[in-house]
Amino acid sequence: MKVTITRSCTVQPDGPCFNGSMPLTESDQTGILTHVPTIYFYKPHSQNWLTTKHTIFTTLQTSLAKALAHFYPLAGRLRWLDGARLELDCNSSGAHLIEADSDATFSDLGDFTPSPDFVHLVPRINYSLPIEEIPLLAMQVTNFRCRGVTLGYSVSHAVVDGQSALHFISEWANLARGAPLGASPSLDRRLLRAGDPPSEARSRFEHPQFDPPPFLVGRSNNKEEREKETVVSMLKLSRSQVQLLKTEANRGTARAYTRYEAIAGHIWRSACRARGHAPEQPTALGICVDVRGRVRPPLPPKFFGNAIIDVIARGRSGELADRPLGYAAGKIREAIDGVTSEYVHSVIDFLKNLDDFSRLQDIHALRTEGGSFYGNPNIGVVSWMCLPLHGLDFGWGKEFFMAPGSHDCDGDSLILPACGGDAGDLLVALCLQVECMEDFKKFFYQEI
Ligand code: COA
């Protein structure tokens, strides 16, 4: 697919907003600091395509300026401090808006499973630039030959998590349609910052998520696994298949496992089987937990930033694969249940107490040597199940499909609601090594 950029501009906040430094939380500054891409697919109705194309771009441009006045951190830039710490410079430098034409039609994209072509539909971020020059938000409108349009939304994970990214884009869409702002963001990040000095009293907690995850038995690094070719699949789960997995996981449990616990457990044990692990192979499953409602007092619902922490469930491949699904689900629940308010603060204090936490920061472009790796023998299962992902209407109708923009590291997986279809249908977007994917699908579907 050929995609040609036809115009681009920098959009600054339209209206007065704070200028100055904004401290970031420890959670903002660790983990993935690059941009997270998502793509929305539209079929605008139009009599005059040229006018429609022009209107789409100008509507996005003027409404983005208005939206940035409320969400001004996204118009700023990151800045390094000592010891690999970062802060946010709210300097209204602006966000990037790009327009491009594609020679393809939507039918060329098949069933919209993320493919290497998708990289052309999201703004290309140049990570070789100094961090102070990299925009935190970029949007690319791509016009297809079939008069379909995609919006490729890339937003810095150092500034927002999934909830906040979706809050911003849904308010941007409101303003684009001429509707008022629904809910202002709560911009005070101090609510999740460490005490000064950070508490030592919480050190009774363990933080294994910051240790390197297990390697394959007999190996001393994951170099070989990182280099293997990967493929992405979008695996559908109907509402009834989801129910079946829940029933299977819940055999003999007093407190019912949730859909996430059951499905993530099923993905984990299917991956252990498909990868052909030895029974004694240690394996970890990474879980991203939203802590807005877990800390005491709870954060404001529209807390704008990263209110997530990662935790891991650990096991051995043989026991996970051989025991009933409830065993894997139980390990996942145990990890999630551990995320109490005290634990969240212990993580923040642990990170604050580190002299240099650069080893915990992934500032690498995707698929490079650096950064964390949750590939073979491990896996990451992120839930987008309860995020308000769908129904993004900027004035030319709601999207008919949305997908993660790139998603090409072994072991990355997302569970998200399916577009259209029955309410309750889900999709698992999963990236695995090519050599394991077919076996994974076999194990994934054979019991449901
Ligand atoms: N709307 C509808 N139902 C909701 C809901 C919402 N906003 N929030 C929770 N629920 C339901 C869930 O669907 C679940 O019931 P189920 O068995 O039918 O699925 C139940 O309430 C419990 O949900 P939750 O407490 O969220 O547990 P979980 O096991 O489903 O998920 C986590 C566990 C850790 C994945 C989840 O709590 C979480 O933090 N998700 C956010 C992940 C995130 O932020 N992703 C983006 C990363 S940038």
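Here is what the cut-offs are and how they apply
Residues numbered from 1 in each chain as written. Predicted model: local features only at pLDDT ≥ 70, side-chain atom pairs only at ≥ 80, totals over all residues. Heavy atoms only, no water. Domains from an automatic or database assignment. Contact = heavy atoms within 4.5 Å. Buried area = accessible area lost by both parts, 1.4 Å probe. Salt bridge = Lys/Arg side-chain N within 4 Å of Asp/Glu carboxyl O. Polar contact = N/O pair within 3.5 Å; in protein donor to acceptor, adjacent residues only side chain to side chain. Helix = DSSP H or I, 4+ residues; strand = E, 2+ residues; numbered from the N terminus. Pairing = 2+ DSSP bridges. Axes fitted to C-alpha atoms, helices over the stretch in contact; angles between N-to-C directions.

**Some details on the domain arrangement of the chain**
Split by domain assignment, the chain resolves into domain 1 (3–192) and domain 2 (214–446). Relative placement of domain 1 and domain 2: their C-alpha centres are 25 Å apart. The interface is formed by 64 residues belonging to domain 1 together with 50 residues belonging to domain 2. Across the interface of domain 1 and domain 2, roughly 5,000 Å² is buried in total on both sides, 68% from carbon and sulfur atoms. Counting every contact that joins domain 1 to domain 2 gives 1 salt bridge. Residue D161 pairs with R292 through a salt bridge whose shortest N-O separation is 2.9 Å. Viewed at the interface, domain 2 and domain 1 are joined by 25 residue pairs in polar contact (both at pLDDT 80 or more). Within the residue set of the side of domain 1 that touches domain 2, elements represented by two or more residues are β3 (31–32), β4 (35–42), α1 (49–70) and α2 (162–176). Sort the elements by how many residues they give to the side of domain 1 that touches domain 2 and α2 lands first, with 11 residues.

**Side note on the sheet that holds strand β5 (residues 77–80)**
The 3 strands are arranged β2-β6-β5 in an open sheet whose pairing can be described as antiparallel. On the outer flanks of this sheet lie β2 (20–23) and β5, each paired with one strand and no other. Here the strands of the sheet are splayed against their neighbours by 40° on average, with no regard to which way each runs.

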